[in-house]
Amino acid sequence: MIDPCIAYMDNSPSRDTVSGLPERMMSRGLGVERFWAYKSEFPKTLDNYAGVFLGGSPHGAYEDLGFIHAEHDFIQRVADAGLPILGVCFGSQILASALCARQVVFRRSRCHVGFLPIHATEAAQNDALMQGLPAQFRLLTWHNDEVSADHVDITLL
């Protein structure tokens with residue numbers, strides 16, 4: 001295992017990723033150990049990890065599915081251990097629903113699809129991961145679900 005190593009949580013029925021994120025992370029020298037959260041596969045201990053990455057899924061974090069309940073428990077354990085957690089797409093949604101409240105994640109009235117402008121907030125300028133991004137950039141988006149920024153523990157970047 002390469003140090004530092006992250007636990008990469010696969011949340012889809014297939015372990016194949018369109019993005020190739022695990023491979024991209026490894027090509028940059030980051031150790032990645034993959035777990036299939038969709039099949040309720042989680043690390044037994046967090047001792048060997050510098051952080052956790054929560055990947056995408058065709059499901060909504062608000063769905064009443066066994067793997068989602070199990071991942072909520074896992075996310076709570078990771079947060080209690082003080083490890084950094086990064087979630088993308090479904091990963092951000094399940095992170096918000098596990099640590100803030102299930103009702104902060106909801107289905108939008110219509111699908112949000114396209115190469116759309118993204119506006120970074122002022123908070124993004126001081127965020128360790130997001131700092132240095134332009135104030136506005138275009139990004140391909142395709143999602144039906146959203147996380148409400150109304151919760152006290154959510155900072156919109």
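You'll find the structure just up there.
Report on the accompanying structure.

**Thoughts on the sheet that holds strand 1 (residues 5-10)**
- Judged by pairing direction, the sheet is parallel, and its 4 strands sit side by side in the order 2-1-3-4 without closing on themselves. On the outer flanks of this sheet lie strand 2 (31-36) and strand 4 (85-87), each paired with one strand and no other. The mean angle between the axes of side-by-side strands here comes to 20°, regardless of whether they run parallel or antiparallel.
- Those strands touched by helix 2 (residues 66-81) are strand 1, strand 3 (51-54) and strand 4, and its axis lies near 150° from that of strand 3.
- The sheet contacts of helix 3 (residues 90-99) involve strand 3 and strand 4, and relative to strand 4 the element is tilted by about 125°.

**Let's talk about unusual backbone geometry**
- The phi angle at S40 is positive, at roughly 60°, despite the residue not being glycine.
- Locating S40 in the fold gives a position in the loop between strand 2 and strand 3.
- By relative accessible area, S40 is classed as partly exposed at 41%.
- With a phi angle near 60°, C89 is a residue other than glycine that sits in the positive phi range.
- By the secondary structure assignment, C89 is in the loop between strand 4 and helix 3.
- For C89, a relative accessible area of 41% puts it in the partly exposed group.

**Details of the nonpolar core**
- In terms of nonpolar packing, the biggest core is built from 25 residues, with M9, V52, L54, F74 and I94 touching the most fellow members.
- For this core, the secondary structure elements donating two or more residues are strand 1, strand 3, helix 2 and helix 3.
- In this structure F74 touches M9, F42, P43, L46 and V52, once residues within four positions along its chain are discounted.
- Y8, M25, V32 and F53 belong to the second-largest nonpolar core, a separate cluster that totals 5 residues.

**Considering the environment of L21**
- Considering the arrangement of structural elements, one finds L21 in helix 1 (residues 21-27).
- Here the alpha-carbon distance between L21 and G55, two residues 34 residues apart in the chain, equals 8.9 Å.
- For L21, the contacting residues outside a window of four places in its chain are Y8 and F53.

Parameters and conventions
- Residues numbered from 1 in each chain as written.
- Predicted model: local features only at pLDDT ≥ 70, side-chain atom pairs only at ≥ 80, totals over all residues.
- Heavy atoms only, no water.
- Pairing = 2+ DSSP bridges.
- Helix = DSSP H or I, 4+ residues; strand = E, 2+ residues; numbered from the N terminus.
- Axes fitted to C-alpha atoms, helices over the stretch in contact; angles between N-to-C directions.
- Contact = heavy atoms within 4.5 Å.
- Buried < 20%, exposed > 50% of the residue type's maximum accessible area, 1.4 Å probe, protein only.
- Core = buried A, V, L, I, M, F, W, Y, C linked by side-chain atoms within 4.5 Å.

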